[in-house]
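Remarks on the overall topology
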Amino acid sequence: MRELWQRSLLGRTVGNIIVITLLVGGLIMLAMSINVARQTEADAYRRLGELLDTVEDTVRVACFVGNEELAMEVARGLLRNSEVQAVDIRSDKGMLAHLERNSAEGKQAVFGSQPIHRNIVSPFENSTIVGNIALQPDGAAIDSLVAQARRQIALQMLLLIVAVAIALTLTVLRQVVKPIAELSQRLNQLDPAGGEQLAAPPGHEHNAFGLLTRDINALSARLVSALEIEQRLHFRHEVDQRKYRDIFENAESGIFIADALGDMTSYNRSLAQLTGLPLPAADHAAPRSLFALPWTDTAHLRQMIERCIESNAAVADDLALLRSVTPQRWLNVALTPIGGCMVQGIVSDVTSRRNAELAAKRAAITDQLTGLANRQGFEEFWANEIAKAQDQHFALLLIDLEGFKQLNDALGFPAGDRVLIGFAARIFSCIKNTDWVARVGGDEFAVVLPNIDEPGKLDSICQRILRVLGERFSVSGQETCLGASIGATLYPGDGTSLPALLRNAELALNDARHRGGQIWSLFNQDMRHAIEHRHNLANDLRLAVQRGELRLFYQPIVHLASQRVVGAEALIRWQHPTHGLVPPDNFIPLAEQTGLINAIGLWCMETACQQLADWQAAGLDLSLTVNVSARQIPDGLSPAKVSEIAARHGIAPQRLGLEITEGLLIGESHDALRWLDAIRSAGFRVYLDDFGTGYSSLSYLKRFRVDTVKIDKAFIRDMSQVASDRVMIEAVIMMADALQLSVVAEGIETAEQRDLLRSLGCTYGQGYHFSRPLPIEQFLAQVASIDGQAIPQA
Ligand code: C2E
Ligand code: MG
Ligand code: MG
């Protein structure tokens, strides 16, 4: 009960008020009691002083006259005052009266009371002291007065304290305790979630309680809204959990949670179905090991888990699982770190995707027609088998079918396909089962022959392949045969990388083709050097035009009957900075292959026209021919361009001849024929160069409009010994006569040849007999020298 009272607000407040009031009242009381004591004593002394005043005159008489009786009378009278203890009256002659109250009846004096002395002066002269009177105050009496005064004060103070305590208690009770109790009671009954608000105690709406009530209402509103949010979150969390549990249990993918050692703390039904694990028990009795499953590569899975935990990043890969029922099942395992050295895994069956990929991959590396590996397959085979095989020796063959393209064009693709299949089979029949063959191009096969380290061993295999491939066969009802060429290279002697070896084999194959085909050629470093040389030369040639390294040499063309120079052929030379003077046969084919021939051809045309203009200006009646490659026709040297150059230099078109070869006319390309017509229509003369070589046919002379035929020097060289050559020359001359064409014989080296040609009726000639091709500085002197030997004409 006491404790309850102490704990209750009212109890503590009242207790505190009483204690504080008593304390303050006690202190005030103490101060007042001291003050009252002093005041009472002072009053007693003041009253005794006044008593002395009343008896002073009587005492003066008694002392002046020395009357003891009077003195005694006064003393007795003074003693009647209860506050006087003793009285001494002295005259200058001695003690007059001494009276004293019996001290036994008084109490012990509290105050150490001091006697009050007063000197008595003569009634006649104030300066003469005739006696003195001493009053001893009665301490006990004064103490009794003081005690009485103190009691009064104490009583009053007590009353005051009680009154103040009551008043304070009532005030606190009314102003503080009661509103608090009311607030507390209302708070207890308040339902903030129901939207209720706390009301301030009546009469306290605008004081601290009003403020407190508003603060409580604001706080409770905040708490209510926080509570609502918390409830919503809790609800959502529960829904999510339920959802995730549903997903986990019903997911099609296998899901598990495992630690770094592969022990699964939980897994779902799908994982069990995918992997053959027992169905997950509800109580998750003992963890099951992921590594106990029959993975084909358990170490890889172990590494995946380690990597996932260490890097704290997701890891995924396909893993194969051996199963007793199905031969192999591919599972994609995607691991995600979930903290605490644990991973979550999602496992899905990707067997059909993997099988499809495998089939697609197999298709991508296989030649669908022959079933052999294709180029990609060959590269993979290389990377997987050959590149790994150290200390191996082997040969790489590239086999090219000759004439396959023409056969394909002639008989159609289906027949071509059958031929290719047949040839693949033939190649197969020539090699051992340790050898390897791929189709790396349309009609190109690659063969890898292990354990070949020297050309001797290669020869018999290559010869066998060439023989078998060259055998006759029948396709689309026709008996036919195709040849082949083989380029071979050796590993590791010739190179170690596939691109290098393929390049080598290609060079060797080109060599075999250039040497007529149907043979095999083994790569050697000269082939590579030749290619490199060609490459460097091509680069130099590109700069030669800009650097002005090209020159035109001029070889006179002579009228045979009169032996007078009628013109010249412009023949190009390349003044190479290191190789010296390079003849055209060494760079014109390269210029044709690289397309540089167009720039070179234009330069020749410009230079030749400039030369003609100079001769024209010098009054020389000379014509000039320029050689034109088939490659320049029609766009590299358009008729319009030729006309423009000639016109710019102010030369008559008929002075300029363009030498073309029969090759241009074969196939009778429309572009070439149009070009030919346009050139001749513009007034330029066209020469058919090197006639008799290649596909020469006299009918060409009839069919194509040219102005002059140049008989090739090979016929001239052999005409005195080879009758057929002479017959050919005669035929050309006769045909040209009939068609009104001019004839130039090339390569006249002797007077005998000159005379024979003259006798055959050949009009013009050209050759070392008259002059070699000369630089312009020497040319005119040579012309003058030839003309000097001219035969006077009738
Ligand atoms: P081509 O047009 O038949 O030129 C005649 C070739 O025979 C020249 O060789 C010439 O020097 C050579 N020759 C002349 N007389 C004799 C002789 O009595 N005996 C022998 N053995 N040879 C003789 P060159 O100058 O080496 O030119 C070779 C070929 O290069 C030319 O044959 C021509 O087809 C081509 N060519 C020369 N210059 C040019 C050019 O500017 N453009 C093009 N596209 N081809 C050119
Ligand atoms: Mg020529
Ligand atoms: Mg020629």
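Residues numbered from 1 in each chain as written. Chains lettered and ligands numbered in written order. Predicted model: local features only at pLDDT ≥ 70, side-chain atom pairs only at ≥ 80, totals over all residues. Heavy atoms only, no water.

Here we come to the sheet that holds strand 10 (residues 342–349). With antiparallel pairing, the 6 strands of this open sheet are ordered in space as 7-6-5-10-9-8. Every interior strand has two partners, whereas the edge strands, strand 7 (288–289) and strand 8 (315–322), have only one. Sheet analysis places strand 9 (residues 328–339) next to strand 10, joined by 8 bridges and oriented antiparallel. Within strand 10, the position partnered with P337 by the bridge is V343. Here helix 7 (residues 298–311) sits on the sheet in contact with strand 5 (254–259), strand 8, strand 9 and strand 10, set at roughly 160° to strand 8. (Pairing = 2+ DSSP bridges. Helix = DSSP H or I, 4+ residues; strand = E, 2+ residues; numbered from the N terminus. Contact = heavy atoms within 4.5 Å. Axes fitted to C-alpha atoms, helices over the stretch in contact; angles between N-to-C directions.)

With that settled, the discussion passes to the coordination of the magnesium ion (ligand 3). On the protein side, the magnesium ion (ligand 3) has D689 (OD), D690 (OD), E746 (OE) and E746 (OE) as donor atoms, found 2.0 to 2.4 Å from it. Summarised as a motif, the one-chain spacing of the donors to the magnesium ion (ligand 3) is D-D-x55-E. A separation of 3.9 Å is found between the magnesium ion (ligand 3) and the magnesium ion (ligand 2), which share D689 as a coordinating residue. Highlighted residues: D689 in strand 23 (residues 685–691) and E746 in the loop between strand 25 (742–745) and helix 23 (751–760), separated in sequence by 57 residues. For the pair formed by D689 and E746, the shared burial category is buried. (Donors = N, O, S within 2.8 Å, 3.2 Å for Na, K, Ca; no water. Buried < 20%, exposed > 50% of the residue type's maximum accessible area, 1.4 Å probe, protein only.)

Time to look at the packing of helix 4 (residues 139–189) against helix 5 (residues 208–250). Running from N to C, helix 4 and helix 5 cross one another at 20°; their axes reach a closest spacing of 12 Å. Comparing the axis directions of helix 4 and helix 5 gives the class roughly parallel. Every pair of crossing elements has a handedness; the one defined by helix 4 and helix 5 is right-handed. Contacts between helix 4 and helix 5 involve Q175, V176, P179, I180, L183 and L187 on the former and, on the latter, F209, L212, T213 and I216. Of the residues in the contact of helix 4 with helix 5, the class split is 8 nonpolar, 2 polar and no charged. (Parallel < 35°, antiparallel > 145°, perpendicular 65-115°, else oblique. Left-handed = near helix turned anticlockwise from the far one by under 90°. Nonpolar A, V, L, I, M, F, W, Y, C, P; charged D, E, K, R; others polar.)

Turning our attention to the pairing of strand 19 (residues 564–576). Extensive coverage of strand 19 is indicated by the burial of 10 of its 13 residues. As defined by bridge partners, strand 18 (residues 550–559) adjoins strand 19 across 10 bridges and the pair is classed as antiparallel. Bridge pairing in strand 19 links V558 to V565. Hairpin connection between strand 18 and strand 19: a loop of 4 residues separates the two successive antiparallel strands, and Q563 in this loop has a positive phi of roughly 55°. The pairing of strand 19 with strand 21 (residues 623–627) spans 4 bridges and is parallel. Bridging across to strand 21, A570 finds its partner in V626. Of the strand pairs in this sheet, strand 19 and strand 20 (residues 580–582) are connected by 3 bridges, and their pairing is antiparallel.

Moving on, we come to the packing of aromatic side chains. One pass over the structure, following the stated rule, counts 12 aromatic pairs. With centroids separated by 3.6 Å and ring planes inclined at 5°, the aromatic side chains of F381 and W436 adopt a geometry described as stacked. Linking F381 in helix 9 (residues 375–386) with W436 in strand 12 (residues 436–441), this pair joins segments that are 55 residues apart in sequence. Residue classification places F381 among the buried residues on the basis of a relative accessible area of 15%. (Phe/Tyr/Trp six-rings, centres within 6.5 Å; stacked < 30°, edge-to-face > 60°.)

Our next topic: the site of ligand 1. Taken together, 21 residues sit near ligand 1, with N627, D689, D690, E749 and Y768 positioned nearest. With respect to ligand 1, the side chain of D690 contributes an N or O atom lying 2.9 Å from an oxygen atom. Measuring from an oxygen atom of ligand 1, one finds a side-chain N or O atom of K713 at 3.0 Å. Taking 780 Å² as the accessible area of ligand 1 by itself, protein coverage stands at 85%. At 4 residues, the largest contribution of residues to the shell around ligand 1 is made by strand 19. (Near = heavy atom within 4 Å. Polar contact = N/O pair within 3.5 Å; in protein donor to acceptor, adjacent residues only side chain to side chain. Areas by Shrake-Rupley, 256 points an atom, 1.4 Å probe, with all protein chains shown as cover.)

So, about the domain arrangement of the protein chain. One can read the domain layout of the protein chain as domain 1 (2–162), domain 2 (190–247), domain 3 (251–355), domain 4 (365–523) and domain 5 (547–788). In this structure, domain 1 and domain 5 have C-alpha centres spaced 171 Å apart. (Domains from an automatic or database assignment.)

Counting buried positions over the 7 residues of strand 23 gives 5, a clear majority of the element. Sheet topology note: the strand 22 (residues 656–661)/strand 23 ladder contains 5 bridges and is parallel. Bridge assignment links G657 to a residue of strand 23, and that residue is R685. Summarising the sheet, strand 23 and strand 24 (residues 708–711) pair through 3 bridges and their orientation is parallel. Residue pairing in the sheet places L688 in a bridge with V709 of strand 24.

A few words now on the coordination of the magnesium ion (ligand 2). In the first shell of the magnesium ion (ligand 2), the protein supplies E569 (OE), N627 (OD1), E659 (OE) and D689 (OD), at 2.0 to 2.3 Å from the metal. All donors to the magnesium ion (ligand 2) come from one chain, and their sequence spacing reads E-x57-N-x31-E-x29-D. What makes N627 partly exposed here is its relative accessible area of 32%. Of the residues examined, E659 reaches a relative accessible area of 1% and is grouped as buried.

Take the environment of T213 next. Note on placement: T213 falls in helix 5. Separated by 323 residues in sequence, T213 and N536 place their C-alpha atoms 101 Å apart. Other than its neighbours up to four places away in sequence, T213 contacts L183, L198, A199, A200 and P201.

Nonpolar side chains collect at one region of the surface, where I20, L23, V24, I28 and M32 lie side by side and expose about 440 Å² of accessible area between them. For V24, the location among the structural elements is in helix 2 (residues 9–65). (Patch = residues over 30% accessible without salt bridge, like charges linked within 9 Å, V, L, I, M, F, W, Y side chains within 5 Å. Salt bridge = Lys/Arg side-chain N within 4 Å of Asp/Glu carboxyl O.)

Turning to the sheet that holds strand 4 (residues 129–137), a few remarks are in order. Ordered in space as 2-1-4-3, the 4 strands form an open sheet in which the pairing is antiparallel. Of all strands in the sheet, those bounded by a partner on one side alone are strand 2 (94–100) and strand 3 (116–121). Adjacent strand axes in the sheet meet at a mean angle of 15° when their direction is disregarded. Direction of pairing for strand 1 (residues 84–91) relative to strand 4: antiparallel, over a ladder of 7 bridges. Within strand 4, the residue paired with I89 across the bridge is I133. Each of strand 1, strand 2 and strand 4 is contacted by helix 3 (residues 68–79), which is oriented at about 25° to strand 2, the strand it contacts most.

What follows concerns the nonpolar core. M605, L656, L658, I660 and L757 are the most contacted members of the largest nonpolar core, which totals 77 residues. The biggest single contributor to this core is helix 16 (residues 597–617), with 9 residues. The residues contacting L757, other than those within four sequence positions of it, are L560, I716, M719, I729, A745, I748 and C762. Core analysis: the second largest hydrophobic core is formed by 35 residues, A424, L458, L466 and L482 among them. (Core = buried A, V, L, I, M, F, W, Y, C linked by side-chain atoms within 4.5 Å.)

With that out of the way, let us pick up helix 13 (residues 498–514). The terminal C-alpha atoms of helix 13, which comprises 17 residues, lie 24 Å apart, in line with the 24 Å expected from a rise of 1.5 Å per residue. Along helix 13, the residues that are buried comprise L498, A500, L501, L502, N504, A505, L507, A508, L509 and A512. The elements touched by buried residues of helix 13 are helix 9, strand 11 (394–402), strand 13 (444–450), strand 16 (483–491), strand 17 (520–522) and helix 14 (525–547). Just beyond helix 13, the residue with positive phi is G516, at close to 105°. (Expected span 1.5 Å × (residues − 1).)

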